[in-house]
Amino acid sequence: MSEHIRYITDANFSTEVLQSPLPVLVDYWAEWCGPCRMIAPILDEVAAEYAGRLVVAKLNVDENQETSSSFGVRSIPTLMLFKNGNVEATKVGAVAKSQLTAFIDSHI
């Protein structure tokens, strides 16, 4: 677990993501997902580098099915960038750090 990443649940999703004053990048993931484990260190680096400008949060889809199904998550990892309570952009699948930072920079 990273000190820069917030671990969120169905119960606190609204408070942590939809009501956040900063943009929030939500990583929908699961323990058994290989690509999810692959991008975890990248998300950790991005969370540290964007601290104060962006919140990086992780939502375990196995434990929090209500939120993932309400946002139509079908594949993992799915990364959704929320801004002012709305989905600004979505990226599905594992991405390289350069792709992820370009994705974030183009939307925040």
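**Overview of the packing of aromatic side chains**
- The tally for this structure, following the rule as stated, stands at three aromatic pairs.
- Centroid distance F13 to F71: 5.4 Å. Interplanar angle 50 degrees. Geometry classified as tilted. Here F13 is found in helix α1 (residues 13–18), whereas its partner F71 is found in the loop between α3 (65–70) and β4 (78–83), with 58 residues between them in sequence.
- Taking the relative accessible area as the measure of exposure, F71 reaches 27% and is therefore partly exposed.
- Centre to centre, the rings of F13 and F82 are 5.6 Å apart; their planes meet at 80 degrees, and the pair counts as edge-to-face. With F13 in helix α1 and F82 in strand β4, the pair connects residues that are 69 residues apart, well separated along the chain. Side by side, F13 and F82 carry an identical accessibility label, which is buried.
- These aromatic residues form a ring-pair network of at least three members: F13, F71 and F82.
- The residue whose ring lies beneath K58 is W29, and the NZ or CZ to ring-centre distance is 5.0 Å.

About the criteria used
- Every chain is numbered independently, its residues counted from 1 as its sequence is written.
- Side-chain atom pairs in this predicted model are given and counted only at pLDDT of 80 or more, local residue features only at pLDDT of at least 70, and totals for whole chains, interfaces and linings cover all residues.
- Note that water and hydrogens are dropped before the side-chain values are worked out from all heavy atoms of the structure.
- Aromatic rings from Phe, Tyr and Trp, with only the six-membered ring used for Trp, were paired whenever their centres fell within 6.5 Å, and each pair was classed as stacked if the ring planes differed by under 30 degrees, edge-to-face if by over 60, and tilted otherwise.
- To qualify as a helix, a DSSP run of H or I must reach at least 4 residues; to qualify as a strand, a run of E must reach at least 2; elements of each kind are numbered from the N terminus.
- Burial classes follow relative accessibility: with a 1.4 Å probe on protein chains only, a residue under 20% of its type's maximum area counts as buried, one over 50% as exposed, and anything between as partly exposed.
- Geometrically, a charge over a ring is one whose NZ (Lys) or CZ (Arg) sits within 6 Å of the ring centre while staying within 35 degrees of the ring normal.

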